[in-house]
Amino acid sequence: MKLPLACPSTLQTIKLIGHEFSGAGGVSYPIVGGIPWLFPDPKLTLSDWRGRCQLLLEQLEIEISNLKVAIKETPSDLTRQRLETTRQLRIRNLEMLKRILEPLKPSLKMNAATKKAIGYRLPLRQGLLGYFPNLIRDWSGSFESENKILFEATLEILQKTKPVRAENEFRILVLGAGASRLAYDFAHKFPKSMVVAYDLNPMLLLAAKTINDGKKVQAVEASMSAKDSATPGRNVELSAPGALASNLHFIFGDVYALPFSSSTFDVVLTPWLVDIVPRRFEELVRSVARVTSESGVWINSGSWHFSFADETDNISLPEGIEIAQQNGWKSRASSQLEVPYLQSSFDSHRRFETITQFSMERTAQPITSQPTIDDRVDWIRNPSLPVPAAAIFTEGSTTHAVMALVLSLVDGQRTLQDIATIVSAENGLPHEEALEAVLSFFDRFIKDRHFRAT
Ligand SMILES: C[S@@+](CC[C@H](N)C(=O)[O-])C[C@H]1O[C@@H](n2cnc3c(N)ncnc32)[C@H](O)[C@@H]1O
């Protein structure tokens, strides 16, 4: 079965020429670690992820060296032992990440300015390691019951809408597949079907491909809240529970710019995706509708809890179904189910999630266009437009100006009294109030850095 790949921007077909895909207008899409890199702006996204990757690996190296210093300095044998255990676990994980991320070629050292700029733009762990626990859950063998529950629940709701059998030849797309265990389980269940695991996170898809290729990955399962702080993690080996799924394919890309011809898939799965993507639900609905064939189905399994700043967009499931019905879908079934979520035997807490499942069937309503690829506001897209004088900017400018002034006054000599005197003169605040503000600013500034970034 062939997969009709298309240019994610123009939807024209793309062809494999040598070691890359080539699209209209001379755009080349590389293949990274054996996985097609089909983002609308392949060069930019690749350098963006490479930057995140470099920064992450460097940051992890620094944390490991800091631990070494702390081990030398601590007078307590117990503390030394605990720190040494932590250090060993981090070394193992760093080695694993270096191997998995090697296809991104993150070896170049960045200069300090670039590092800062990238560090500012990209929240470090949100990027590559945000779903690291999901990788462990999918492939370490310790969470098999969780994987089975999600697979069976997803299959059951699919069967309700579209009775399917193992001998069916389907095209199945798993959007936001992450570490791809659900995609792997579907590939095994339907060996004649073609299953595509689609995601934008290189760490997750590269690890999933390595594992599906039959390799074993040495990793660390870090506890989210260890029962015993002396054991903050444990060594695990990630491997596929069964044979290689040769019908499982991996593709990098963005759910809002799907690189497939229209009406390609019979089944689209969205496991734990719909409420974590940053755009209004309608845009995802239209994007999925375009690539789903008539009578094809969309099965969702995961949380339904939007957290937009604008309450209008924090829609209920009936609102979501209404939106879908206006955009090429017919609702077939929906239900909720409580499932265990990332429950590790050595964590001190147990998490359950109520997942929302729905099944929608694609109608004949044509949806040919896809969401705009560039989701930036118009005055960023078009730099010749004036930037609107919104309150967030004036507030932000005052806050940042005061913060910048206060921080720039730190020179190893001035006291907080001195700094407050300058702030008071600059801002017309009574000295007493300026001193209060400066004290509380530094107190917060220091304490905010006491905790690990999450
Ligand atoms: C909550 S995780 C779920 C992952 C996986 N389905 C699971 O259950 O473990 C959401 C996934 O969506 C991916 N994702 C987020 N935004 C995306 C986008 N715009 N395009 C493609 N994938 C995206 C993330 O990288 C992540 O793997």
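Conventions we followed
Residues numbered from 1 in each chain as written. Predicted model: local features only at pLDDT ≥ 70, side-chain atom pairs only at ≥ 80, totals over all residues. Heavy atoms only, no water. Domains from an automatic or database assignment. Contact = heavy atoms within 4.5 Å. Buried area = accessible area lost by both parts, 1.4 Å probe. Salt bridge = Lys/Arg side-chain N within 4 Å of Asp/Glu carboxyl O. Polar contact = N/O pair within 3.5 Å; in protein donor to acceptor, adjacent residues only side chain to side chain. Pairing = 2+ DSSP bridges. Helix = DSSP H or I, 4+ residues; strand = E, 2+ residues; numbered from the N terminus. Axes fitted to C-alpha atoms, helices over the stretch in contact; angles between N-to-C directions. Expected span 1.5 Å × (residues − 1). Near = heavy atom within 4 Å. Areas by Shrake-Rupley, 256 points an atom, 1.4 Å probe, with all protein chains shown as cover. Nonpolar A, V, L, I, M, F, W, Y, C, P; charged D, E, K, R; others polar. Buried < 20%, exposed > 50% of the residue type's maximum accessible area, 1.4 Å probe, protein only. Phe/Tyr/Trp six-rings, centres within 6.5 Å; stacked < 30°, edge-to-face > 60°. Lys NZ or Arg CZ within 6 Å of the ring centre and 35° of its normal.

**Q** Help me understand the domain arrangement of the chain in this model?
**A** Reports often express the size of an interface as the amount of accessible area lost when the parts come together. When the domains of the chain are assigned, the result is domain 1 (40-126), domain 2 (131-362) and domain 3 (387-448). Inter-centroid distance (C-alpha atoms) of domain 1 to domain 2 is 28 Å. Listed per partner, the contact involves 14 residues of domain 1 and 21 residues of domain 2. Between domain 1 and domain 2 the total buried area reaches about 1,500 Å² when both faces are included, carbon and sulfur atoms providing 73% of it. Of all residues in domain 1, Leu89, Arg92 and Ile100 bury the most surface against domain 2, accounting for 38% of the area lost on that side. Along the contact surface separating domain 1 from domain 2 lie zero salt bridges. Linking domain 1 with domain 2 are six residue pairs in polar contact (both at pLDDT 80 or more), by the criterion used here.

**Q** Whenever I open this one, the sheet that holds strand β9 (residues 248-252) confuses me. Can you help?
**A** Across a sheet, strands are paired by hydrogen bonds formed along the backbone, either parallel or antiparallel in direction. Reading across from one edge, β9-β6-β5-β10-β11-β13-β12 is the order of the seven strands in this open sheet, with mixed pairing throughout. Here the strands that pair on one side only, and so sit at the sheet edges, are β9 and β12 (329-340). Sheet twist, expressed as the average angle between the axes of neighbouring strands with direction ignored, equals 20 degrees. The sheet contact formed by strand β6 (residues 194-199) and β9 spans five bridges and is parallel. Residue pairing for β9: tyrosine 198 is matched across the bridge by isoleucine 251. Contacting β5 (171-175), β6, β9 and β10 (265-271), helix α7 (residues 181-189) crosses the sheet at an angle of about 175 degrees to β6. The sheet strands contacting helix α10 (residues 317-325) are β12 and β13 (352-362), and the helix crosses β12 at an angle near 150 degrees.

**Q** Mind showing me how you'd approach helix α2 (residues 77-101) here?
**A** Between its first and last C-alpha atoms α2 spans 36 Å; for 25 residues at 1.5 Å apiece the expected length is 36 Å, and the two agree. Residues of α2 that are buried make contact with α1 (42-73), α5 (132-139), α8 (202-212), β7 (217-222) and β8 (233-238). N-cap assignment for α2: the residue whose side-chain oxygen lies 3.2 Å from the backbone N of leucine 78 is serine 76.

**Q** Which parts of the structure should I look at to understand the site of the ligand?
**A** Around the ligand lies a shell of 18 residues, among which Arg137, Gly176, Asp199, Val255 and Pro271 are the nearest. In the model, a nitrogen atom of the ligand is placed 3.0 Å from a nitrogen or oxygen of the aspartate 254 side chain. Computed on the free molecule, the ligand has an accessible area of 590 Å², of which 93% lies beneath the protein chains in the complex. Of the residues contributing to the shell around the ligand, the split by class is 10 nonpolar, five polar and three charged.

**Q** It is not clear to me how α8 should be interpreted in this structure. Could you clarify?
**A** Residues spaced three or four apart along an α-helix face the same direction, because each turn holds 3.6 residues. Burial runs high along α8: 10 of the 11 residues are buried. Among the residues of α8, Pro202, Met203, Leu204, Leu205, Leu206, Ala207, Ala208, Lys209, Ile211 and Asn212 are the ones counted as buried. The N-terminus of α8 is capped by asparagine 201, whose side-chain oxygen sits 2.9 Å from the backbone nitrogen of methionine 203. Phi turns positive, to about 95 degrees, at glycine 214, one or two residues after α8.

**Q** I tried to follow the packing of aromatic side chains on my own but got confused; where do I start?
**A** Two descriptors summarise a pair of aromatic rings, namely the distance from one centre to the other and the angle between the planes of the rings. Across all of its chains, the model carries 19 aromatic pairs by this definition. Centroid distance phenylalanine 306 to phenylalanine 308: 6.2 Å. Interplanar angle 15 degrees. Geometry classified as stacked. Each member of the pair, phenylalanine 306 together with phenylalanine 308, is buried. With 5.6 Å between their ring centres and 35 degrees between their planes, phenylalanine 441 and phenylalanine 445 make a pair best called tilted. Placement of the pair is phenylalanine 441 and phenylalanine 445 together in helix α14 (residues 431-448), with a separation of four residues, close to one helical turn. With relative accessibility at 19%, the residue phenylalanine 441 sits in the buried group. Taking relative accessible area as the criterion, phenylalanine 445 reaches 23% and is therefore assigned partly exposed. Here the aromatic cluster, defined as three or more aromatic residues joined through ring pairs, consists of Phe281, Trp298, Trp304, Phe306, Phe308, Trp329 and Phe358. Above the plane of the ring of tryptophan 49 lies arginine 52, whose end atom (NZ or CZ) is 4.1 Å from the centre. The side chain of arginine 449 reaches across the aromatic face of phenylalanine 445, ending 3.7 Å from its centre.

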